[in-house]
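Spelled out, the chains give:
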Amino acid sequence: MSDHRNGSLDPAPRMVQGFSTFVISHPLLKFFAGSTIKAAPFPFHHPCLKSGNQRALKAQENDETALGQGIANLLKREKGLKAEKAEQGRAVDSLFKERHLQLENRIERSHNDACLVGEWFSSRPVLTAVLILLLLVLVLALGVALAVQSAPQVPVTPATPQLVLGCPHGWVGYNGVCYYLSRDYRSWDQAQERCSELGASLAILQDEAMDLLFRLRGNVDYWIGLRRRGERLHWGDGSSYSSRVPVFGNSECVYLAGNRLKSEMCSNDRPYVCSKAQAAL
């Protein structure tokens, strides 16, 4: 029995073919063969050789069929890969178009919103100007706040408490002096005693203070602290009278009368003006 192994022919036909070749090529055998062995085509048509050739052809056909199927499968797979790649390309194109459309829609909506805002502001110029002004004020305030915050902090030394000078209730302060215009009537001496009770004296006046009291007196005449002693006038503190304002009359005690100074008897009753230096409140 002959078999087909690893794609080779059966050994029997090979042996017959080899023997025939030996007979033909050997000179002695060729001579004896004479006309018996002719130059026949090789290989001989031996039944075993024919069967082996058929099996080889069959195996070759099977191999070619398998190869063809493999090539077909490869072509089919390549076609499937191309189709899959084309499908992926279409999916990517579709996604890109969708994203591009979304972006265009967003840009269009933003443009429409901007147009609406612009139309709203253009239709309200006064309100727009007010809003712009407020925005500028806020920016300036923020800048000032940041500048103050970033400025170096200078240590502040606690200040020495300052005494606040003032006048009691019902008194008028002027140039560091408090003046009290009474409503009751007293003689010059009684008025001096009352001013002493208030921590003051009958008014000792400078020219500026006289001008103030001339305006404050109204139609009332007030005793002041000027009194004649001998031929000269002296204030209650003993200082001499040296004002430019003249004193009319030759009586002993002096009072405010209109825009001038007059003198009369000290025993007469009239309102009076007290004065004292401003003190700490």
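Because the structure is predicted, anything quoted here is derived from the model rather than measured.

In the predicted model, the protein chain carries a mean pLDDT of 78, and the fraction of residues at 70 or more is 76%. No element of the protein chain has a lower mean pLDDT than helix H2 (residues 27-33), at 49, and none a higher one than helix H5 (residues 188-197), at 95. Contacts from residues 31-44, a stretch scored under 50 in pLDDT, to residues over four places away or in other chains number 10 contacts.

This next bit is on the sheet that holds strand S4 (residues 201-202). Taken together, the 4 strands give an open sheet; going across it, the order is S2-S3-S10-S4, and neighbouring strands pair in antiparallel fashion. The open sheet is flanked by strand S2 (172-174) and S4, the only strands paired with a single partner. Two strands pair when backbone bridges link them, and S4 and strand S10 (residues 273-277) are joined in this way by 2 bridges, in the antiparallel orientation. Directly across from Ser201, in S10, lies its bridge partner Ser275. Against the sheet, helix H6 (residues 207-216) contacts S2, strand S3 (177-181) and S10, and its axis sits at roughly 150 degrees relative to S2.

Here the focus is the state of the cysteines. All told, the structure shown has 3 disulfides when counted by the stated rule. The disulfide partner of Cys195 is Cys274, and the S-S distance across this bridge is 1.8 Å. Between Cys195 and Cys274 the disulfide shows an S-S torsion of about -75 degrees. By sign, it is left-handed. Here Cys274 lies in strand S10 and Cys195 lies in helix H5, a separation of 79 residues in the sequence. Put simply, Cys253 and Cys266 are joined by a disulfide, and their sulfur atoms are 1.6 Å apart. Since a negative S-S torsion denotes a left-handed disulfide, the Cys253-Cys266 link at about 90 degrees is right-handed. Placement of Cys253 in strand S8 (residues 253-257) and of Cys266 in the loop between strand S9 (260-264) and S10 is noted, with a sequence separation of 13 residues between them. A relative accessible area of 9% means that Cys266 is categorised as buried. If you count the bonded cysteines of the protein chain from the N-terminus, they pair up as 1-2, 3-6, 4-5.

Basis of the calculations
- Residues numbered from 1 in each chain as written.
- Predicted model: local features only at pLDDT ≥ 70, side-chain atom pairs only at ≥ 80, totals over all residues.
- Heavy atoms only, no water.
- pLDDT = per-residue confidence, 0-100.
- Helix = DSSP H or I, 4+ residues; strand = E, 2+ residues; numbered from the N terminus.
- Contact = heavy atoms within 4.5 Å.
- Pairing = 2+ DSSP bridges.
- Axes fitted to C-alpha atoms, helices over the stretch in contact; angles between N-to-C directions.
- Disulfide = S-S within 2.5 Å.
- Buried < 20%, exposed > 50% of the residue type's maximum accessible area, 1.4 Å probe, protein only.

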